[in-house]
Amino acid sequence: MANITLVDDDENIVASVSLALESHGHKVTAYHDGATGLEALEASPPDLAILDVKMPRMDGMEVLRRLRQTSTLPVIILTSKDEEIDEILGFNLGADDYIHKPFSQRLLIERVKALLRRTGAEGAEPEGAGDSASRAIKRGKLTMDPARHESTWDGKAVKLTVTEFLLLQALAQRPGFVKSRDNLMDAAYDDQVYVDDRTIDSHVKRMRKKFRMVDPEFDAIETLYGVGYRYRES
């Protein structure tokens, strides 16, 4: 069972999503505006948050932006807008997944299940736990501890979301080897979840920005245009 916070001003969606999640054993706490939802998320972080985009007092993108200043909490964004720019903006702000309304309850449950499995919050160990993927990684100035979901650069903490951590882990495990976007999708997403190339690019862009906040000269993640990415160990 996971603790899930749902922030959406549509009472029908809140009722149906809460019922679906609770029927799968999760505990759901719902809020109907962004400002109240953000306050609750910061005061008592759940295992996962589901945020609507269009809400009173504060929209979901602003909630996500403020949340990402201090938290790596897994976040799924819901929106009735079917515009590509909104999806890219959501991933650039640090969303882990994105679902367009209207959606089936089955789809939502599968996305929630996949994200919880990646974090280990579903009651099982995270994907890769117990094998080489769970071992600490030391690559030059980079240190990653998958068991604690902690990463540092030259001794300074760098807070990564679940998706960002899994992408970097996939790259850092084999320095110098090129990972295609498909390879990275497989490393960071469940088989039932499809994302396009732009999503991976958005996550990498955000990762670089975070590392450059502690080291402006950070260049360990290389782009090979038309091919993919690789980690360069200095």
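Throughout this document, residue positions are counted from 1 along each chain, in the order its sequence is written. Owing to the predicted nature of the model, reporting of local features is limited to residues with pLDDT of at least 70; listing and counting of side-chain atom pairs is limited to 80 or more, with chain, interface and lining totals taken over all residues. Side-chain metrics rest on all non-hydrogen atoms present in the structure, leaving aside hydrogens and water.

Caption draft 1: The arrangement of the packing of helix H2 (residues 34–43) against helix H3 (residues 60–67) in detail. Every axis in this analysis is a line fitted to C-alpha atoms, fitted for helices over the stretch in contact. Angles between the N-to-C directions lie between 0 and 180 degrees. Note on conventions: DSSP H or I runs of at least 4 residues are helices, E runs of at least 2 residues are strands, and numbering of each starts at the N terminus. For the pair H2 and H3, interaxial distance at closest approach is 9 Å and the crossing angle is 25 degrees. On the basis of their axis angle, the class for H2 and H3 is roughly parallel. As for how H2 packs across H3, the hand of that crossing is right-handed. Across from Gly 34, Leu 38, Leu 41 and Glu 42 in H2, the residues of H3 making contact are Val 63, Arg 66 and Leu 67. Under the convention adopted here, Pro, Cys and the residues Ala, Val, Leu, Ile, Met, Phe, Trp and Tyr are nonpolar, Asp, Glu, Lys and Arg are charged, and Gly plus all remaining residues are polar. Of the residues belonging to the contact of H2 with H3, the class tally is four nonpolar, one polar and two charged. By definition in this entry, angles of less than 35 degrees are roughly parallel, angles greater than 145 are roughly antiparallel, angles of 65 to 115 are roughly perpendicular, and the rest are oblique. In a left-handed crossing the near helix is turned counterclockwise from the far helix by less than a right angle, and in a right-handed crossing that turn is clockwise. By the convention used here, residues are in contact when the closest approach between their heavy atoms is within 4.5 Å.

Caption draft 2: Region of the structure containing the pattern of salt bridges. One speaks of a salt bridge when a side-chain nitrogen belonging to Lys or Arg is within 4 Å of a carboxyl oxygen belonging to Asp or Glu. Enumeration according to the criterion identifies 16 salt bridges in this entry. Its salt-bridge partner being Arg 66, residue Glu 62 comes within 2.7 Å of it at the nearest N-O pair. Taken together, the positions of Glu 62 and Arg 66, both in helix H3 and four residues apart, correspond to about one turn of that helix. Any residue under 20% of the maximum accessible area for its type is buried, any over 50% is exposed, and the rest in between are partly exposed; the area is computed with a 1.4 Å probe on protein chains only. When its relative accessible area of 22% is taken as the criterion, Glu 62 is described as partly exposed. On the basis of relative accessibility, which here comes to 36%, the residue Arg 66 falls in the partly exposed class. When salt bridges with common partners are traced through the structure, they connect Asp 219, Glu 222, Arg 230 and Arg 232 into a single cluster.

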